[in-house]
Amino acid sequence: MRSNPDSERESSRSDHGRRPELEVLLGRVARGDRSSFERVYDLVAARVFGMVVRVLRDRAQSEEVAQDVLVEVWRSAARYEPSRGSAMAWVMTIAHRRAIDRVRSAGAGAEREDRVARMDVRRPFDEVAEAVEGNLERERLRRCLAGLTELQRESVTFAYFGGYSYREVAELLKVPLGTIKARMRDGLIRLRDCLGVER
C-alpha cells in the first residue's frame, strides 16, 4: 500500500509528546540550531516553491522568492506561535505574503514604465484617478478580508490566491474538509456582501 509522503511529513511526531515534528524543529531553529533548519528545509522547501510558483507563474522569480521565504523562516522562527495555527500554515503564510509582495512590486514597476511611455498621450488627471481607484479597491478588499474569521481568511487566501484545492487547504490547516468548505462558502458570501458584488 502506497503511503502519502505529505501526510507522513505533517503527521510525523517527535519525541516531545504529541507535538508535530515541524513545530518542534522551529523551536530549535529559533535557538539557532542549523541542523534542525536543514530538516525544516527538507520538510517545507517543495511546498513553499509550489505556493510561490502558483502565484508568480515564473520559475526563476519563484526560486528567488522561495529562498527569501526560507531565510525569513530561519530569521523569524521565534515568532511562530503554535496556538495560532500549524507550523506548516505559518510557513505557507510567509510564502504567500512574499509572493504577493513580489507581484505588487513587479506590477508597480511595470505601471511606472507604462506611465512614462504614455505620459504625452494621457492626462495627469486620468492617472491620478486610476491610481486612487486602484488603491481604494485594494484597501476595501483588505478591510473585507479582515472582517472574516481567521479560518475563513486563511482558507480563502490559500484557495483563491494560492491556487490550492479545498482538500489541500484542509490538509494544510489540519481542519476537516467539510469544515473548510463551509467556512469558505460563508467567507465568500461575507466578502461578496462586503464588496457589494451583485449575485
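Cut-offs applied
Residues numbered from 1 in each chain as written. Predicted model: local features only at pLDDT ≥ 70, side-chain atom pairs only at ≥ 80, totals over all residues. Heavy atoms only, no water. Salt bridge = Lys/Arg side-chain N within 4 Å of Asp/Glu carboxyl O. Helix = DSSP H or I, 4+ residues; strand = E, 2+ residues; numbered from the N terminus. Buried < 20%, exposed > 50% of the residue type's maximum accessible area, 1.4 Å probe, protein only. Phe/Tyr/Trp six-rings, centres within 6.5 Å; stacked < 30°, edge-to-face > 60°. Axes fitted to C-alpha atoms, helices over the stretch in contact; angles between N-to-C directions. Parallel < 35°, antiparallel > 145°, perpendicular 65-115°, else oblique. Left-handed = near helix turned anticlockwise from the far one by under 90°. Contact = heavy atoms within 4.5 Å. Nonpolar A, V, L, I, M, F, W, Y, C, P; charged D, E, K, R; others polar. Disulfide = S-S within 2.5 Å.

A few words now on the pattern of salt bridges. Counted by the stated rule, this structure contains nine salt bridges. One salt bridge connects E64 with R102, and the closest N-O pair in it is separated by 3.0 Å. With E64 in helix α4 (residues 59–76) and R102 in helix α5 (residues 87–117), this pair connects stretches of sequence that are 38 residues apart. The partly exposed category is assigned to E64, whose relative accessible area is 44%. Where E72 meets R98, a salt bridge forms, and the shortest distance between an N and an O atom there is 2.8 Å.

Burial analysis of helix α2 (residues 21–30) places seven of its 10 residues in the buried class, the great majority of the element. Those residues of α2 that sit buried are E21, L22, E23, V24, L25, L26 and V29.

Within the structure shown, the criterion is met by two aromatic pairs. Relative to W74, the ring of F37 lies with its centre 5.3 Å away and its plane at 70 degrees, an arrangement referred to as edge-to-face. Highlighted residues: F37 in helix α3 (residues 34–56) and W74 in helix α4, separated in sequence by 37 residues. Classification of F37 as buried rests on a relative accessible area of 17%. Their ring planes at 50 degrees and their centres at 5.6 Å tell us that Y80 and W90 sit as a pair that is tilted. On the criterion of sequence distance, the pair formed by Y80 in the loop between α4 and α5 and W90 in helix α5 is long-range, its members being 10 residues apart. You can call Y80 buried: its relative accessible area is 9%.

Okay, the packing of α3 against α4 next. Remark: α3 packs on α4, axes separated minimally by 8 Å, with the N-to-C direction vectors making an angle of 140 degrees. By the angle between their directions, the pair α3 and α4 is classed as oblique. In this structure, α3 meets α4 at a crossing whose hand is right-handed. Residues R34, F37, V40, Y41, V44, A45, V48, F49, V52, V53 and L56 of α3 lie in contact with α4, whose contacting residues are R59, Q61, S62, E63, V65, A66, Q67, V69, L70, V73 and W74. Here the contact of α3 with α4 is built from residues that sort into 16 nonpolar, three polar and three charged.

With respect to the element layout, S36 can be found in helix α3. The residues touching S36, leaving out its near neighbours within four places in the chain, are L25, R28 and V29.

Phi is positive for R57, close to 55 degrees, though the residue is something other than glycine. Mapped onto the elements, R57 comes out in the loop between α3 and α4. Its relative accessible area of 70% is what places R57 among the exposed residues. Here K174, not a glycine, exhibits a phi torsion of approximately 55 degrees, which is positive. Along the polypeptide, K174 turns up in the loop between α8 (166–173) and α9 (177–195). K174 sits in the partly exposed class, given a relative accessible area of 44%.

All told, the structure shown has one disulfide when counted by the stated rule. A sulfur-sulfur distance of 2.0 Å marks the disulfide that ties C144 to C194. Residues C144 and C194 are joined by a disulfide whose S-S torsion is about -80 degrees; by sign, that bridge is left-handed. Residue C144 is located in helix α6 (residues 124–146), and its partner C194 is located in helix α9; the two are separated by 50 residues in the primary sequence.

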